[in-house]
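# Observations on the model geometry
Each chain, written out:
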Amino acid sequence: MDRIGQTDCQHSGITNQILSFSWEGGTFSGTSILLPLLSKTTLINPTESRMEHLETTPMFMTSGGDADRSRWRSIRVMYFTMFLSSVGFTIVITSIWPYLKKIDKSADASFLGWVVAAYSLGQMVASPLFGLWSNHRPRQEPLVCSLFINVSANIYYAYVSLPSSHKKIHMLLARTFVGIGAGNVAVVRSYVAGATSLKERTCAMANMSACQALGFILGPALQAALSFIGETGVTVNVIQLQVNMYTAPALLAACFGIINILLVILVLREHCVDDHGNHIRAINYTSEEQVDVAPEAEGDIDQIAVFTSNVLFFVILFIFAVFETISTPLSMDMFAWTRKEAVLYNGIILAAIGFESILVFVVVKVVSARVGDRPLLLGGLILIFVGFFILLPWGNQYPKIQWADIQNNTGLAPTQPSNTSLEPTGCPYKQAWCLFTPVIHLAQYITSDILIGVGYPTCNVMSYTLYSKILGPKPQGVYMGWLTASGSGARTLGPVFVSQVYTILGPRWAFSVICGIVLVAIVFLSAMYKRLVAFSIRHGRIEERHD
């Protein structure tokens, strides 16, 4: 008598284990996907159950134990890749300005804006290309390529002080190539979105954002720790490499990149599931014409919701790019910190904000299950507005003016006090606004950091969680590429904008404009609120339960 093996169903974030059946001369033969589970096999009479099994076997294979374990291992590799991308940006962000001033005296705050923006410009150009690549080829290919570029660019950054001239241009190019390597963020987001069910996605996106925040913590924290190496550091004569407080973080980021490449090659596997968690064929294994499209993929994407999501993501990243770019110059101008103090203290502050962000992600996962994604996005924008409003200069106390050597300048200029160190501190007199703009107090700065440290991560995770849900089961590589490009464009324009406005007009104008931009974003989100719903909800396949 023929027997069919039927495994027990197990569900703990993992969908059911099923068997494959084939028709052979009027009889069915079944083979378990996982042989170890045969010990739990229940024997049934095939003559009574053939049609029942035929009718109940799903159209798409659901995920089994091994498949789900492999899927989540691969998702965790994507978490680490996101972590590395965050580290690659933040590990040098607090030291770029003093490093730039050290290697090239002609560099000013305006050029700093271009150096910071170069990372995002490179990412903006590369993201859609890597996303398109990942839609048609295994994701290992664009990931390994981008990580190799990232490693090479960080090594290049460590050597920017070696050329005899145009050192600031070399720094600009190095940061551009680091940004190109970070274009793999589009691949990471599309992979996680495609490898998780609708119920899993908010949690997975929050976890990914937590890894991003962890990179945000460890980057400045590592930079602060490595600042004790000092500006001189150690020179490795064999390879003409100077390891100091500015180059060591980039070299460490290169080591992380090598580890990431090995994980992508050895651990990452292709996985794709529908909104219910059933495994379906990954679209990037074969051409789109040869792939059976899941019924859940039928229907059109709301392009207005896609556009709205990209605009909001642009605003969110623009705002934070302004904040992270201006933190070091602002603190040096307002609090009269030295270069080393600015690197150390801002590293500690940004690390604290990153730790705060991880706590926010834990809370967001719980709160979003109760109130939904859209209210959290709106609330996050309101917190960001309050944070920048608090940062506006008030009162009648003014910052300390930086001394200057009057022998090299004509006209009136503050002179160097006899008891100061060789490094000038305070607000440079060349910035005319220093003479009439009230000082921003440390308490204002810290309070603003705390509020923005809650609002930004909330908006960040909610914006691209909503975006992935709006896209649904469609291939998301290119769409995620455009989202990443949108954010990268914001991180390109943000530093350039703030470096120009801050240098010429001061913090009052810079932060007032930011407050206006956030208000416009809040109004825009309120107007488009009802359109920002998941693909499956929009097409009536899943009932909306929140917000």
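Scroll up to find the structure.
Here's a quick rundown of the structure. (Residues numbered from 1 in each chain as written. Predicted model: local features only at pLDDT ≥ 70, side-chain atom pairs only at ≥ 80, totals over all residues. Heavy atoms only, no water.)

Scanning all chains against the criterion turns up five salt bridges. A salt bridge links E141 to R137; the shortest N-O distance between them is 2.7 Å. Owing to a relative accessible area of 29%, E141 belongs among the partly exposed residues under this scheme. Of the residues examined, R137 reaches a relative accessible area of 43% and is grouped as partly exposed. (Salt bridge = Lys/Arg side-chain N within 4 Å of Asp/Glu carboxyl O. Buried < 20%, exposed > 50% of the residue type's maximum accessible area, 1.4 Å probe, protein only.)

It is worth spelling out the state of the cysteines at this point. For the coordinates displayed, the defined rule picks out one disulfide. Disulfide pairing is shown between C427 and C434; the S-S distance is 1.8 Å. One quick way to see it: the torsion about the S-S bond of C427 and C434 is about -60°, and its sign makes the bridge left-handed. For the pair formed by C427 and C434, the shared burial category is buried. (Disulfide = S-S within 2.5 Å.)

This part covers the packing of helix α8 (residues 198-226) against helix α9 (residues 248-266). Their axes nearest at 9 Å, the elements α8 and α9 cross at an angle of 130°. It follows from the interaxial angle that α8 and α9 lie oblique. The handedness of the crossing between α8 and α9 is right-handed. Here L222, Q223 and L226 of α8 lie close against α9, whose contacting residues are A248, P249, L252 and F256. For the contact of α8 with α9, a count of residues per class yields six nonpolar, one polar and no charged. (Axes fitted to C-alpha atoms, helices over the stretch in contact; angles between N-to-C directions. Helix = DSSP H or I, 4+ residues; strand = E, 2+ residues; numbered from the N terminus. Parallel < 35°, antiparallel > 145°, perpendicular 65-115°, else oblique. Left-handed = near helix turned anticlockwise from the far one by under 90°. Contact = heavy atoms within 4.5 Å. Nonpolar A, V, L, I, M, F, W, Y, C, P; charged D, E, K, R; others polar.)

Looking now at the packing of aromatic side chains. Taken as a whole and assessed by the stated rule, the structure comprises 17 aromatic pairs. Residues F318 and F497 carry aromatic rings whose centres are separated by 5.6 Å and whose planes lie at 45° to one another, so their mutual orientation is tilted. One end of the pair, F318, is in helix α10 (residues 303-335); the other, F497, is in helix α14 (residues 477-505), with 179 residues separating them in the sequence. A relative accessible area of 8% means that F318 is categorised as buried. (Phe/Tyr/Trp six-rings, centres within 6.5 Å; stacked < 30°, edge-to-face > 60°.)

Its place among the elements puts S309 in helix α10. Apart from the residues within four sequence positions on either side, S309 is in contact with Y467, I470, L483 and L532.

So, on to helix α13 (residues 442-471). Taking 1.5 Å of rise per residue, 30 residues should cover 44 Å, and α13 covers 43 Å from first to last C-alpha, within 8% of that figure. Taken across its 30 residues, α13 has 23 buried, putting it largely inside the fold. Immediately beyond the C-terminal end of α13, within one or two residues, lies G472, with a positive phi of roughly 70°. (Expected span 1.5 Å × (residues − 1).)

On to the environment of I504. Assignment of secondary structure puts I504 in helix α14. Spatially, the C-alpha atoms of I504 and K430 are 9.6 Å apart, while their sequence positions differ by 74 residues.

Moving on: the side chain of S357. Along the chain, the position of S357 falls in helix α11 (residues 339-371). In contact with S357, not counting residues within four places along its chain, are A213, G453 and P457.

Attention shifts here to the nonpolar core. Generally speaking, nonpolar side chains in soluble globular proteins are found buried as a group. In this structure, M171, F388 and F511 are the most contacted members of the largest nonpolar core, which totals 127 residues. Sorting elements by how many residues they give to this core places α10 first, with 17 residues. Apart from residues lying up to four places away in sequence, M171 is in contact with I96, Y99, L100, I103, V115, Y157 and V160. (Core = buried A, V, L, I, M, F, W, Y, C linked by side-chain atoms within 4.5 Å.)

Now for helix α15 (residues 507-527). Relative to the 30 Å expected for 21 residues at 1.5 Å per residue, α15 spans 30 Å between its end C-alpha atoms, a close match to the ideal helical length. Looking at α15, one finds that the buried residues are P507, A510, F511, I514, C515, V518, A521, I522 and L525. Viewed along the axis of α15, the buried residues span an arc of 135°, placing them on a single side of the element. Set apart from the buried face of α15 by more than 90 degrees, the exposed residues are W509, V520, V523 and A527. (Arc of directions from axis to C-beta.)

If you check the backbone angles, H166 has positive phi at about 55° while not being a glycine. Following the sequence through the fold, H166 ends up in the loop between α5 (140-158) and α6 (167-181). Using a relative accessible area of 57% as the deciding quantity, one classes H166 as exposed.

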